[in-house]
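The lines below spell out each chain.
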Amino acid sequence: MRTKFSGILTLLLALVVQVSIAQTKTITGTVLDDANLPLPGANVIIKGTSSGTQTDFDGNYSISASVGQTLTFSYVGFETQEVAVGASNTINVTLQPGSVLEEVVIIGSNTSTKEKSSVSSFTVNAETIKARPNASFVQTLSGQVPGLSISTASGQPGANSTVRIRGVSSINGDTEPLFIIDGAPVDQDNFRSLNPNEIASVTVLKDAGATSIYGNRGANGVIIIKTKSGTFGSDLVMNYVGQVNISNLQDNDYNLMNSQELLTLEKERGSGLGATLTDAEIANARTFDWADYFFDTALTQSHTISASKGGENVSTFISLGFHDQEGLLRSSSLKRFNLRTNLSGKSSNDRFTYRLNLSTNYSKSDEPNNIGTGAVNRNPILGAYQSVPYLSIDDYVDGQFILDEQFDGTFTVTPLLIVDRLRTFDRFDEELKIVGSFDGSYKLTNDITASALMSIDMQQENTLRSEGPNSFNALLFAETGNDTPGFQQENFNRAFSYNQLLSLVYNKEFGKHTFNLGLYSEYFKAHFKNFGYFQEGLDPLTFSSGDGSGFIADNADNDFFVDTANANILESGLFSYFSRADYDYDAKYGITGTVRRDASSRFANSNRWATFYSVAARWNIGNEAFMEDSAFDLLKLRASYGTNGNQDVTGAGLFGGLTLTNSLFQTSPGYQGANSLSLALIGNDALKWETVTTTNLGLDFEVFNRRLRGSVDVYDKTTTDLYLNQPLSAVTAATLLNVNGGELKNTGVDVNLSYTVIRAKEADGFNLDLNFVGNYNKNEIVEFGDGSEEIIGTGQVGGKLGEYFLYRFSRINPENGEILFLTADGEETETPDVDADRVWSDKNILPDYEGSFGFSADYKGFFLTTQFNYVIGVDRFDFDLSGFQNIDNLGNFNLSRDLFDAWTPENTDTNIPRLGADNRSLLAGSDYYLTESDYIRLRFAQFGYTLPSKYLDGTGFTGIKMYVNGENLLTFTDWRGFDAEAQSNTSRIYPTPRTISFGVDLQF
């Protein structure tokens, strides 16, 4: 009987197991939006578990689930949908538009949804960043965020960009925002070593409601970078992104002379080589394009492969990247390796969660120096722009030949000097950058969570400069009797910063009320160490750049080879404690407040601490009952007011201006060379925090079934206790003292608009969207604090920061070809008083309006995106044009054909003065070369194709996308130089390139 019963039980158990196994099956399907377009990256989660996956490029997914379980489908900006698993193995879902306010907003150590956020912020997602051919992700953000101004004044691969949010808020202090990567504050001036393809999103925080929680570092706004991560309960997903870029030089309109024109002009005026040649020799002279030699077509390859996977309690994301970029300019390049590991985990009861993010990056760059200078023997840009065309690369032999046979005291040999420089001089930067963070949280109760966020930013940079012993420069400057000149210099810099944020947060929901209260403390410490050497004297027989085998030792016969060493150690620190409270009622009304107490090691004890605060409120008008039948799908009003502190007195970063409150002495030679002490710095122990107070009023809206979407913000940002330089009498052994005083104001408007012109009614139909991003900013100096009405070089009270102070060009005198200027009273004169006739111009280099506009379209897998950037209100001095029109450069450099339109008795209606006009030197102090640098530029265009998933069956791929990109394709501007974007008055700078790239994005 027992045996029979056991047999029946075994049969039943097998049947149950068989039925159970049969109920667990693979579910596949497609997730579409309301326009029947696929939604890549949509989340598909088994409700009540942590198991899930994401859709591929075509919105397809695959997941294992059992009959009776429920799948939850979600995507930012769409309503979440739940579907029960039944008999069918296919579940296709169409998500309906929800509010974009479901998007997550990161504010400090907190997160919120757009719906419940009261702050001014803007988020750029990964798809916008990873397809761009820029070594630095910062350059990719240009034009994409209202109120975010980005300009790049160098084409050096990975070059630093100037970043500002809502204008310039300091005169001497730091003006750039705080950058945070996965919770780690990082160096704001160096992103060449980071891989843009690792980024999941970039959020820009602009008003005090968002930035006040950062207190001591949020005065200029905050940019938060979140990198990619894995998903719990997801299968292995691998992704490869590869690009090949081709870059070349943008156009200019300087209209330079060829050899025949330049030599003929030299002959006519009796100057230079042309004065010694016959007409036949001039006619047979060759024309060599030095710009084409020094600038060359540049190739770049970029590869990133990543993998992500998630179990029930642990998920991982790993990325490996390689980037190899040639610069347009010879001897400029960037090579980069990246490794990122992101790990997320949680306990089985969900009470403990953690995230570990670690990025290790190595880069090596070849960077020409002396860019932007007038060094004819060192600046390759000068050689490319200004060299005479009747010399060619065939004329170069070596440095000794130039010195002995070709150098005649003029600058006609400039291109040969630069060629020699490029062949005998090395400058390399090697950088190891590690950014890591650990974020752990534990729920003490259901309502109280304790968290710790610890992060590091370590940057080690080694810089090598060497000038070979046979180079022209080494031979030229060698002391008499020194047969082994040349030098080698190396500097080793290490910067390490540690940031720790501890928090205790209480969050409670009861009915329609939600209350959040957080208590925080933050500790920051930064360390810098530098050492280096400068070796004089290199043996040409054994010298190899970077190696010490060719070093010449010092000797008793002379002081030719006296080497020098340098070392430095610096530290800076910050400490803060603060509180943040947030209240929401029924997702209709909300208010948030922050109070923060900060201390900085830069200040004396009496002014070390300062208090900053903010309050922000919102009204979700669209959630009111009376809005149910309106045309608005969303309508929210926001307002905020608050303060932030700036403790970077000199704007030099973490380690600048650390001792300005102390009087310092230094050793120096005294009487008869004896060691003595002398005053090095007069301290000001009254120096204190610079304070930025911001008021913001914003409106978010969606209208006509979400066809029109956007936001408008109006702001007022006022800086008080400005960091200024107070002049001192030289008898004090110092000429300037750092002080607080004055007030600076920025007021403006941010606008972001998107409009869906055509929305397809079927899958793979035609869709067309337009977008516009805009900012208007007015900058005004309110006061200087010491009663001064003006500071030359800074501006005047009531005027713009950096306003130009000069005398004005009127016209060319038709009687004699001399230059007519205006006096301060508006009268014409050929001899203006260079002091009394100068006036404030109401012009500066900062833009009044900037932003972008464009469209995106897609049809049956094809897609096209454009972004036109615009800048209005920038005025720059075109000193390159000044050089090309300067007749005094004849016989040394090339000139512009503009000089053919110079005044003559037969050509009196012109703006080019008589060649050799007596007052031509006065042009330098006038607005003659002050030029509008406004532009509209096709900053980015992309055309591509996403392969339908039906063609990928059996290939192992789940998504294939191919595309071609263009950067800086067209520029419409009155600026005649190579690059209208550079907000710089420096001449002979490295221009940014025009780039075409071909890329592929594979998922498998």
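Residues numbered from 1 in each chain as written. Predicted model: local features only at pLDDT ≥ 70, side-chain atom pairs only at ≥ 80, totals over all residues. Heavy atoms only, no water.

Per an unreviewed UniProt entry, the recorded name for the protein is SusC/RagA family TonB-linked outer membrane protein, and the organism is Patiriisocius hiemis. The Subcellular location (unreviewed entry) field of the UniProt record for the protein holds the comment "Cell outer membrane". (UniProt positions renumbered as here; feature names shortened; annotations may be inferred.)

## Some remarks on the overall build of the protein
Along the backbone of the protein there are twelve helices and 52 strands. On C-alpha atoms alone, the protein measures out to a radius of gyration of 33 Å, which is about the 30 Å that the 2.2 N^0.38 rule sets for 1004 residues. On the principal axes, the C-alpha backbone points of the protein span a range of 125 × 70 × 65 Å. Looking at the protein residue by residue over its 1004 residues, the buried ones come to 52%. Relative to all contacts within the protein whose residues are 6 or more apart in sequence, the contacts with residues 24 or more apart total 70%. Working note: accessible area of the protein is about 43100 Å², and carbon and sulfur atoms make up 54% of it. For the protein, the distance from the average site of its 74 positive side-chain charges to the average site of its 121 negative ones is 11 Å. (Helix = DSSP H or I, 4+ residues; strand = E, 2+ residues; numbered from the N terminus. Rg over C-alpha atoms; globule rule 2.2 N^0.38 Å. Buried < 20%, exposed > 50% of the residue type's maximum accessible area, 1.4 Å probe, protein only. Contact = heavy atoms within 4.5 Å. Areas by Shrake-Rupley, 256 points an atom, 1.4 Å probe, with all protein chains shown as cover. Lys, Arg positive; Asp, Glu negative; His and termini not counted. Charge placed at Lys NZ, Arg CZ, Asp CG, Glu CD.)

## Observations regarding empty space enclosed by the protein
Tallying each qualifying case throughout the model produces nine cavities of 30 Å³ or more. Its boundaries defined by the atoms lining it, the largest cavity holds a volume of some 240 Å³. Pro133, Asn134, Gln139, Gln325 and Pro993 are, among the 21 residues lining the largest cavity, the residues nearest its centre. For the lining of the largest cavity, the residue count by class is four nonpolar, 14 polar and three charged. (1 Å grid on protein atoms, 1.4 Å probe; cavity = no way out; pocket = protein on both sides within 12 Å on 5 of 7 lines; lining within 4 Å. Points joined across faces, edges and corners; volume = space filled by probe spheres on them. Nonpolar A, V, L, I, M, F, W, Y, C, P; charged D, E, K, R; others polar.)

## Here we look at the nonpolar core
Core analysis: the largest hydrophobic core is formed by 56 residues, its most contacted members being Trp290, Phe294, Phe295 and Leu895. Among the secondary structure elements, those contributing two or more residues to this core are α5 (259-269), α7 (290-294), α8 (380-386), α10 (414-424), β41 (808-812), β42 (819-822) and α12 (879-884). Among the elements that line this core, the one with the most residues is α10, at five residues. In contact with Trp290, not counting residues within four places along its chain, are Gly383, Ala384, Ser387, Val388, Pro389, Leu391, Ser392, Ile393, Pro415, Leu416 and Val419. Counting 23 residues, the second-largest nonpolar core is a separate cluster that includes Leu141, Leu148, Ile223 and Ile225. (Core = buried A, V, L, I, M, F, W, Y, C linked by side-chain atoms within 4.5 Å.)

## Some points on the pattern of salt bridges
If charged atoms from side chains of opposite charge come close, those side chains can pair. Enumeration according to the criterion identifies 45 salt bridges in this entry. One salt bridge connects Arg427 with Glu367, and the closest N-O pair in it is separated by 3.5 Å. Of this pair, Arg427 sits in strand β22 (residues 425-443) while Glu367 is found in the loop between β21 (352-366) and α8, placing the two residues 60 residues apart along the sequence. For Arg427, a relative accessible area of 19% puts it in the buried group. In this structure, the salt-bridge partner of Arg638 is Asp700, at a minimum N-O distance of 3.0 Å. With Arg638 in strand β29 (residues 632-646) and Asp700 in strand β32 (residues 690-703), this pair connects stretches of sequence that are 62 residues apart. Of the two residues, Arg638 and Asp700, neither departs from the other in class, the shared state being buried. If you follow the salt bridges from partner to partner, you end up with Arg192, Glu367, Arg427, Asp429, Glu431 and Glu461 in one network. (Salt bridge = Lys/Arg side-chain N within 4 Å of Asp/Glu carboxyl O.)

## Observations concerning the layout of surface pockets
There is about 740 Å³ of room inside the second largest pocket. In terms of lining, the second largest pocket is formed by 40 residues, of which the most central are Asp187, Gln188, Gly653, Leu654 and Phe655. Elements with a minimum of two residues in the lining of the second largest pocket: β14 (184-186), β23 (448-467), β24 (487-510), β25 (513-536), β26 (564-585) and β29. If you tally residues by element for the lining of the second largest pocket, the top one is β24, at five residues.

## Digging into the sheet that holds β42
Taking strand neighbours across the sheet as the criterion, the three strands line up as β41-β42-β43 in an open arrangement whose pairing is antiparallel. For this open sheet the edge positions go to β41 and β43 (828-829), each flanked by a neighbour on one side alone. Where β42 meets β43, two bridges bridge the pair, whose relative direction is antiparallel. Note on β43: the bridge partner recorded for Phe821 is Thr829. (Pairing = 2+ DSSP bridges.)

## Section: unusual backbone geometry
Not every positive phi belongs to a glycine, and Asp182 is a case in point at roughly 50 degrees. Note that Asp182 resides in the loop between β13 (178-181) and β14. Residue Asp182 is classed as buried on the basis of its relative accessible area, which comes to 15%. Its identity as a non-glycine residue notwithstanding, Asn370 has a phi of 65 degrees, on the positive side. As for its position among the elements, Asn370 is in the loop between β21 and α8.

## Some words on the packing of aromatic side chains
Following the criterion strictly, the structure yields 44 aromatic pairs and no others. Taking 4.7 Å as the distance between ring centres and 55 degrees as the angle between the ring planes, the aromatic pair formed by Phe179 and Phe191 counts as tilted. Taken as a pair, Phe179 in strand β13 and Phe191 in the loop between β14 and β15 (199-205) lie far apart in primary sequence, twelve residues in all. The exposure class of Phe179 is buried, given its relative accessible area of 1%. Given a relative accessible area of 5%, Phe191 falls into the buried group. Considering the side-chain rings of Tyr385 and Phe978, the 4.6 Å spacing of their centres and the 15 degrees angle between planes classify their relative orientation as stacked. Here Tyr385, found in helix α8, pairs with Phe978, found in the loop between β51 (971-973) and β52 (994-1003); they are 593 residues apart in sequence, far enough to count as distant. (Phe/Tyr/Trp six-rings, centres within 6.5 Å; stacked < 30°, edge-to-face > 60°.)

## Concerning the side chain of Thr514
Looking at the element boundaries, Thr514 is found in strand β25. Among residues more than four places away in sequence, those in contact with Thr514 are Lys116, Asn507, Lys508, Glu509, Asp582, Tyr583 and Asp584.

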